Amino acid sequence: MRAALMWTINDFPAYGMVSGWSTHGKLACPYCMENNKAFTLTNGGKASFFDCHRRFLPHNHRYRKNRKDFFIGRVENDVAPPRLSGEELFDVVSEYGEIVFGLQSGKQKFPGFGLTHNWVKRSIF
């Protein structure tokens, strides 16, 4: 069977539904995965991703050294997490086994959901 992707996913929740990675909570970023720098806001209790993605910029980019407009006094020196290939992602998701979907399944989650990963299903691709 052959398939073609005819449209692109332009909103973040739909991206999560197609990819199988939950886009909610502290581990929401599908690029950082478990290597994210998200933090919980003190008063609101919501996950914040402010200033988490400067590490993806080139090392000589001016925003990496900017101490005024991001976290006060902080220079970003970390490297971006490694980008996983399709085979590597498939190996990671294969470790979690099968989840039965449908009305009879109840509420099932892969072990470690929300703590070490945000996988909710295997991608349809």
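Bear in mind the structure is a predicted one, so any value in this text is a computation, not a measurement.

This part takes up the overall build of the protein chain. Secondary structure summary: the protein chain contains 2 helices and 2 strands in total. Secondary structure elements of the protein chain, listed N to C terminal, follow the sequence α-β-β-α. Classification of the 125 residues of the protein chain by burial places 25% in the buried group. A separation threshold of at least 6 residues defines the contact pool for the protein chain, and within that pool the share at least 24 residues apart is 36%. When the accessible surface of the protein chain is summed, it comes to about 9600 Å², and 58% of that surface belongs to carbon and sulfur atoms.

This part is about the environment of Leu57. Checked against the element boundaries, Leu57 lands in the loop between strand E2 (47-48) and helix H2 (86-94). You can call Leu57 partly exposed: its relative accessible area is 26%. Note: C-alpha distance between Leu57 and Val79 (22 residues apart in sequence) is 8.9 Å. Apart from the residues within four sequence positions on either side, Leu57 is in contact with Tyr63 and Arg64.

A few words on the environment of Phe49. By the secondary structure assignment, Phe49 is in the loop between E2 and H2. Put simply, Phe49 and Leu27 are 22 residues apart on the chain and 9.9 Å apart in space, counted from C-alpha to C-alpha. If sequence neighbours within four positions are ignored, Phe49 has contacts with Gly25, Lys26, Ala28, Cys29 and Ala38.

A few words on the side chain of Asn36. Its location among the elements puts Asn36 in the loop between helix H1 (12-19) and strand E1 (39-40). Within the local environment of Asn36, its side chain forms a polar contact with the backbone oxygen of Met33, the two atoms lying 3.5 Å apart. Ignoring anything within four residues of it in the chain, the contact list for Asn36 reads Lys26, Leu27 and Arg55.

Before going further, it helps to examine the pattern of salt bridges. Side chains carrying opposite charge are able to pair once their charged atoms draw close together. As enumerated under the stated definition, the model contains 3 salt bridges in all. Note that Lys37 and Asp78 form a salt bridge whose closest N and O atoms lie 2.5 Å from each other. Pair noted here: Lys37 is in the loop between H1 and E1 and Asp78 is in the loop between E2 and H2, with a separation of 41 residues, a long-range link. Salt bridges linked by common partners bring Lys37, Arg74, Glu76 and Asp78 together as one network.

On to the confidence of the model for the protein chain, then. Averaged over all residues, the pLDDT of the protein chain is 76; the fraction at 70 or higher stands at 75%. Model confidence for the protein chain, summarised as mean pLDDT per element, is weakest for H1 at 75 and strongest for E1 at 83.

Turning our attention to a negative patch on the surface. Together, Glu87, Glu88, Asp91 and Glu95 make up a negatively charged patch on the protein surface. By secondary structure assignment, the location of Glu95 is in the segment after H2.

A word on H1. Note: α-helices contain 3.6 residues per turn, so residues at a spacing of three or four share the same orientation. Among the residues of H1, those classed as buried are Ala14, Gly16 and Ser19. Of the residues one or two after H1, Gly20 is the one with positive phi, at around 95°.

In this section: the state of the cysteines. All told, the structure shown has 0 disulfides when counted by the stated rule. In this structure Cys29 is a free cysteine whose sulfur lies 3.6 Å from that of Cys32, the closest cysteine sulfur available. By relative accessible area, Cys29 is classed as buried at 7%. Residue Cys32 is classed as buried on the basis of its relative accessible area, which comes to 2%.

Rules of the game
Residues numbered from 1 in each chain as written. Predicted model: local features only at pLDDT ≥ 70, side-chain atom pairs only at ≥ 80, totals over all residues. Heavy atoms only, no water. Helix = DSSP H or I, 4+ residues; strand = E, 2+ residues; numbered from the N terminus. Buried < 20%, exposed > 50% of the residue type's maximum accessible area, 1.4 Å probe, protein only. Contact = heavy atoms within 4.5 Å. Areas by Shrake-Rupley, 256 points an atom, 1.4 Å probe, with all protein chains shown as cover. Polar contact = N/O pair within 3.5 Å; in protein donor to acceptor, adjacent residues only side chain to side chain. Salt bridge = Lys/Arg side-chain N within 4 Å of Asp/Glu carboxyl O. pLDDT = per-residue confidence, 0-100. Patch = residues over 30% accessible without salt bridge, like charges linked within 9 Å, V, L, I, M, F, W, Y side chains within 5 Å. Lys, Arg positive; Asp, Glu negative; His and termini not counted. Charge placed at Lys NZ, Arg CZ, Asp CG, Glu CD. Disulfide = S-S within 2.5 Å.

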